[in-house]
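This is what each chain is made of:
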Amino acid sequence: GENVEQHPSTLSVQEGDSAVIKCTYSDSASNYFPWYKQELGKRPQLIIDIRSNVGEKKDQRIAVTLNKTAKHFSLHITETQPEDSAVYFCAASMVGRGADGLTFGKGTHLIIQP
Amino acid sequence: SQTIHQWPATLVQPVGSPLSLECTVEGTSNPNLYWYRQAAGRGLQLLFYSVGIGQISSEVPQNLSASRPQDRQFILSSKKLLLSDSGFYLCAARLSGNTIYFGEGSWLTVV
């Protein structure tokens, strides 16, 4: 089955700086890669996703890049703000196979220092 | 609109007691449904998924079970809880396109 590795487990950045979280996946058939943000005690919320037919997607301060050859994808947050502090999860799945359940990375605790 | 309802939000149960968590989905038909568990400070583990009424697949062996008695209802159960069952349980559904959305979660503490 799919295996997703996520790094780093904790990331501390100064407010206003950029943050980058990286994930690798093992199954070359995976074609859908969402990112979720989870605040303490709350459910994960989808913040951005990318499909394997594109290499990059951007939504305001958030961008995701995908390298299919290397089987890795990254989340980029620019001009970080205190409200960006949360745990971020990457995930991978193959749409069209079985129940299309997501395999998650173990999460990155992003801390924005004022 | 599409919504996932999950309850109860919080419960404290003694070891050996039964468990029932319920999830219902609005605004879509025949969704894929999932139960995830998140232990304190850790990642999301897929427990069960269902592609239709009465169809349940288990990802990990455990003392939990799941059922889907209706198209938009998904239930997580246990006959006898263990201390290790404590955690944050999340129902999820594929509501549109490829996107999977989560319910608000249920905090279970087994004492």
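Rules behind the numbers
Residues numbered from 1 in each chain as written. Chains lettered and ligands numbered in written order. Predicted model: local features only at pLDDT ≥ 70, side-chain atom pairs only at ≥ 80, totals over all residues. Heavy atoms only, no water. Helix = DSSP H or I, 4+ residues; strand = E, 2+ residues; numbered from the N terminus. Buried < 20%, exposed > 50% of the residue type's maximum accessible area, 1.4 Å probe, protein only.

Following H7 of chain A, the chain continues to P8 of chain A via a peptide bond in cis, the omega torsion being -5 degrees. Relative to the helices and strands, P8 of chain A resides in the loop between β1 (4-7) and β2 (10-14). Going from W7 of chain B to P8 of chain B, the amide bond is cis rather than trans, its omega being 0 degrees. Considering the arrangement of structural elements, one finds P8 of chain B in the loop between β1 (3-7) and β2 (10-13). Backbone geometry places K71 of chain A, a non-glycine residue, at a positive phi of 55 degrees. As for its position among the elements, K71 of chain A is in the loop between β7 (62-67) and β8 (72-77). For E79 of chain A, which is not a glycine, the phi torsion comes out positive at approximately 45 degrees. Within the secondary structure, E79 of chain A sits in the loop between β8 and β9 (86-92). By relative accessible area, which is 52% here, E79 of chain A ends up exposed.

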